[in-house]
Amino acid sequence: MSVKISTRIKEWAQFHFATGKIDYMSLNRLRLNLTADSRISSRLPYTEQTRRQQEMIRDILGTNHLTFDSMKLILNPYKTTPLTALAIFRTDSPCRLSYLVKGRTKESDYSYAYPTPATTHVCPIFGLYPDTDNVVELTLLASDGNTLATRTIRIKTGSASLPPDAGRESDNCPSFCDPEGNIRYSLSVAASDAKIIPISHGHFLLADAAVRTRTGQLPLPTHLHEFDLLGRFYRTYYVGSGITDIAGEKEPGGNLALYTPSSDGSEHILLELNRQTGAIVKVTPDKESSQEHFGIKITRQHLDMLSDLIQKEFQSGGEPFTEIPYPVTGWLKAPVLYKGASIETTEAVSLEDMAGLHRMRFSLCGDTLLVSTRGHRLQEILFVKTDRIYQMDLTFPALTEEAYEDYPYILAVPFTEMYSGTYSIVLRFTDGSQKVLKDTVTLSRTRQTAPPVN
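Residues numbered from 1 in each chain as written. Predicted model: local features only at pLDDT ≥ 70, side-chain atom pairs only at ≥ 80, totals over all residues. Heavy atoms only, no water.

Student: Outline the overall build of the chain, listing residues and values.
Tutor: Secondary structure assignment for the chain yields 6 helices and 30 strands. The proportion of buried residues among the 454 residues of the chain is 52%. At a minimum sequence separation of 6, the contacts of the chain that also span at least 24 residues come to 64%. Taken as a whole, the chain presents about 21700 Å² of accessible surface, with 50% of it coming from carbon and sulfur. (Helix = DSSP H or I, 4+ residues; strand = E, 2+ residues; numbered from the N terminus. Buried < 20%, exposed > 50% of the residue type's maximum accessible area, 1.4 Å probe, protein only. Contact = heavy atoms within 4.5 Å. Areas by Shrake-Rupley, 256 points an atom, 1.4 Å probe, with all protein chains shown as cover.)

Here's what the structure looks like:
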């Protein structure tokens, strides 16, 4: 039976698949070769942060002096799970690690025993309290279960070990609480509607609650992350039209599915996207827009299962993590950046003035400009150089003024379709005023050479 697609959805699809647009694979290749430099402060994408931490762990494993008594202990190993530590050591014969984090009561003790003997041990330790000098008892067990050695260590978590919104009802950071209600695990990335969706291989999906785009409704998330509960981020997908819900994966290891609004926000559209490239594979009108895909709450079983998976990754004796990629992939819809006509000259302002007077802060994340803002004062952003002007139009009206009144969010502006060069950044506001930043952004692309032919 054929499905009749509305005119609005046809127009939406034509915008994404318009002839003359760069195809997604070419676009992805361009992105991988694009760098952005500026005096504006920079931050690492979660995927790059993960890659660097993995390299550090690989270097640590290259040393031979790590034993049970001299193990390397890394608190918050991937910079996104502040109540998690990673114990790294080696043993001459296959052994198992067991640990117990002392609780404030006997009932709140957190313990786990790794089930599989190994000689290379990379062991997550979950269950730490925030802002506490945690007492952790470690036991080394032989393959037959006999105790080989014990030791007690202290792991101190800082006062900033929980994000400010942990435990809130909506848009909070995924967390796990013990029977007494104390938070013993938290991911420092806020999930939209506090929702994470489980997929295969112990991974999850979440829509980043901090990074959003303007729509006719409240600002909607634009970034979809694939991650695991140790805080490793595998891929990030950008959905310029906003994410209203996450359906999950079509099949284990297969394509992902999510919902986005139509151009005027009156309908929901189901997108299927290629897991590897981020390209849109299929666009389907959603006839059941009221259906909600509920996320899960983190349990002990999730953390225990991940602990075992992490340990098994190192049992082959080969190079760890070499098969795990960490790309930032797939601009599903770029912002409306095009060659503009002209701009008026105006006095340049500093980043400090923008933060003080307009409560706007700027940072670079990979090849994306992040603008931390509030409400709906910002109307458009222009990127200007001698022979070219690109414009990101933000005039999509809010349903009500109150919907955007002082609402804080981060606007992402990817530089994907912009030519190389040094650009000034011009901000235009809804009241007709205009500001030019003193700091510029320089974009550059390097052409990859073809591999030699054998």
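Here the narrative resumes, following the displayed structure.
Student: Can you tell me about the side chain of Ser-200, naming the residues and giving the values?
Tutor: By the secondary structure assignment, Ser-200 is in the loop between strand S11 (197–198) and strand S12 (204–207). In terms of polar contacts, Ser-200 uses its side chain to reach the backbone amide nitrogen of Gly-253, at 3.0 Å. When neighbours within four sequence positions are excluded, Ser-200 is seen to be in contact with Glu-249, Pro-252, Gly-253 and Arg-275. (Polar contact = N/O pair within 3.5 Å; in protein donor to acceptor, adjacent residues only side chain to side chain.)

Student: Requested: an account of the packing of aromatic side chains, with residues and values cited.
Tutor: A full pass over the atoms with the stated rule returns 11 aromatic pairs. Where Phe-68 meets Phe-89, the ring centres are 5.8 Å apart and the plane angle is 70°; that geometry is what we call edge-to-face. Of this pair, Phe-68 sits in the loop between helix H3 (46–61) and strand S3 (72–75) while Phe-89 sits in strand S4 (residues 85–101); the two residues are 21 residues apart in sequence, bridging distant segments of the chain. Judged by its relative accessible area of 5%, Phe-68 is buried. Ring plane angle 70° and centroid distance 6.0 Å describe the contact between Phe-126 and Tyr-185, whose orientation is recorded as edge-to-face. (Phe/Tyr/Trp six-rings, centres within 6.5 Å; stacked < 30°, edge-to-face > 60°.)

Student: Could you give an account of the pairing of strand S30 (residues 441–445), naming the residues involved and the relevant values?
Tutor: Two strands pair when backbone bridges link them, and strand S1 (residues 34–38) and S30 are joined in this way by 5 bridges, in the antiparallel orientation. Residue pairing for S30: Leu-34 is matched across the bridge by Arg-445. (Pairing = 2+ DSSP bridges.)

Student: Can you lay out the sheet that holds strand S17 (residues 245–249) for me, pointing to particular residues and giving the numbers?
Tutor: If you trace the 4 strands from one edge of the open sheet to the other, you get S17-S18-S19-S20, paired in antiparallel fashion. Edge positions in the open sheet fall to S17 and strand S20 (280–285), since each of these has one partner strand only. Strand-to-strand twist of the sheet, defined as the mean angle between neighbouring strand axes without regard to direction, takes the value 25°. Bridging between S17 and strand S18 (residues 256–261) involves 4 bridges; their strand directions are antiparallel. Bridging across to S18, Glu-249 finds its partner in Leu-256. (Axes fitted to C-alpha atoms, helices over the stretch in contact; angles between N-to-C directions.)

Student: Residues and numbers for the environment of Gly-278, please.
Tutor: Checked against the element boundaries, Gly-278 lands in the loop between strand S19 (268–273) and S20. By relative accessible area, Gly-278 is classed as buried at 0%. Each C-alpha atom of the pair Gly-278 and Arg-235 lies 9.4 Å from the other, and the pair is 43 residues apart in sequence.

Student: Requested: an account of unusual backbone geometry, with residues and values cited.
Tutor: Positive phi outside glycine occurs at Asn-76, with the angle close to 50°. Classification of Asn-76 by relative accessible area gives buried; the value is 17%.

Student: Could you give me a rundown of the environment of Phe-68, with the residues and numbers involved?
Tutor: C-alpha of Phe-68 to C-alpha of Leu-138: the two residues are 70 residues apart in sequence and 9.2 Å apart in space. Once you skip the residues sitting within four places of it in the chain, Phe-68 turns out to touch Phe-89, Arg-90, Leu-97, Leu-138, Thr-139, Leu-140, Ala-149, Thr-150 and Arg-151.

Student: Describe in detail the nonpolar core, supporting the description with residues and values.
Tutor: Nonpolar side chains in soluble globular proteins tend to end up buried together. Core analysis: the largest hydrophobic core is formed by 49 residues, its most contacted members being Ile-88, Tyr-99 and Leu-138. With 9 residues, the top contributor of residues to this core is S4. In this view, Tyr-99 contacts Tyr-110, Ser-111, Tyr-112, Tyr-114, Pro-124, Ile-125, Phe-126, Val-136, Glu-137 and Leu-138; residues no more than four positions away in its chain are not counted. Membership of the second largest hydrophobic core comes to 28 residues, among which are Met-360, Leu-394, Met-418 and Leu-443. (Core = buried A, V, L, I, M, F, W, Y, C linked by side-chain atoms within 4.5 Å.)

Student: Quick one: what's the story with the side chain of Arg-184, residue by residue and with numbers?
Tutor: Among the secondary structure elements, Arg-184 is positioned in strand S10 (residues 183–186). Within the structure, the side chain of Arg-184 is placed 2.9 Å from the backbone oxygen of Ser-108, a separation counted as a polar contact. In this structure Arg-184 touches Leu-83, Val-101, Gly-103, Ser-108, Tyr-110, Gly-127, Leu-128, Tyr-129, Phe-176, Cys-177 and Asp-178, once residues within four positions along its chain are discounted.

Student: Go over helix H5 (residues 351–358) with me, naming the residues and quoting the values.
Tutor: Leu-351, Met-354, Ala-355 and His-358 are the residues of H5 that are buried. The arc enclosing the buried residues of H5, seen along the axis, measures out at 110°, which places them on a common side. Those residues of H5 that are exposed and aimed more than 90 degrees away from the buried face are Glu-352, Gly-356 and Leu-357. Immediately downstream of H5, the backbone of Arg-359 shows phi near 55°, a positive value. (Arc of directions from axis to C-beta.)

Student: Lay out the pairing of strand S7 (residues 133–142) in plain terms, naming residues and giving numbers.
Tutor: In terms of burial, S7 is largely enclosed, as 7 of its 10 residues are buried. Two elements, S4 and S7, share 7 bridges in a ladder whose sense is antiparallel. Bridging across to S7, Tyr-99 finds its partner in Leu-138. The pairing of S7 with strand S8 (residues 147–156) spans 9 bridges and is antiparallel. Bridge pairing in S8 links Val-135 to Arg-154. Connecting S7 to the next strand, S8, in antiparallel fashion are 4 residues, including Gly-145 with a positive phi near 95°.

Student: Can you tell me about H3, naming the residues and giving the values?
Tutor: The end-to-end C-alpha separation of H3 is 23 Å, in line with the 22 Å expected for 16 residues at 1.5 Å each. Among all positions of H3, only Tyr-46, Thr-47, Gln-49, Thr-50, Gln-53, Gln-54, Ile-57, Ile-60 and Leu-61 are buried. In an axial view of H3, the angular spread of the buried residues amounts to 155°, which keeps them on one side of the axis. (Expected span 1.5 Å × (residues − 1).)

Student: Requested: an account of the pattern of salt bridges, with residues and values cited.
Tutor: Pairing between side chains of opposite charge can happen when the charged atoms of each approach one another. According to the stated counting rule, one finds 16 salt bridges in the structure shown. Note that Asp-228 is salt-bridged to Arg-232, the shortest N-O span being 2.9 Å. (Salt bridge = Lys/Arg side-chain N within 4 Å of Asp/Glu carboxyl O.)

Student: Could you give an account of the sheet that holds strand S23 (residues 361–365), naming the residues involved and the relevant values?
Tutor: On the basis of which strands lie adjacent, the open sheet formed by 4 strands has the order S2-S23-S24-S27 and mixed pairing. Only two strands of the sheet have a single neighbouring strand rather than two, namely strand S2 (42–43) and strand S27 (408–414). Across 7 bridges, strand S24 (residues 368–374) lies against S27 in antiparallel orientation. Paired with Thr-373 across the strands is Tyr-409, a residue of S27.

Without other data, these values stay purely geometric and don't point to any function.
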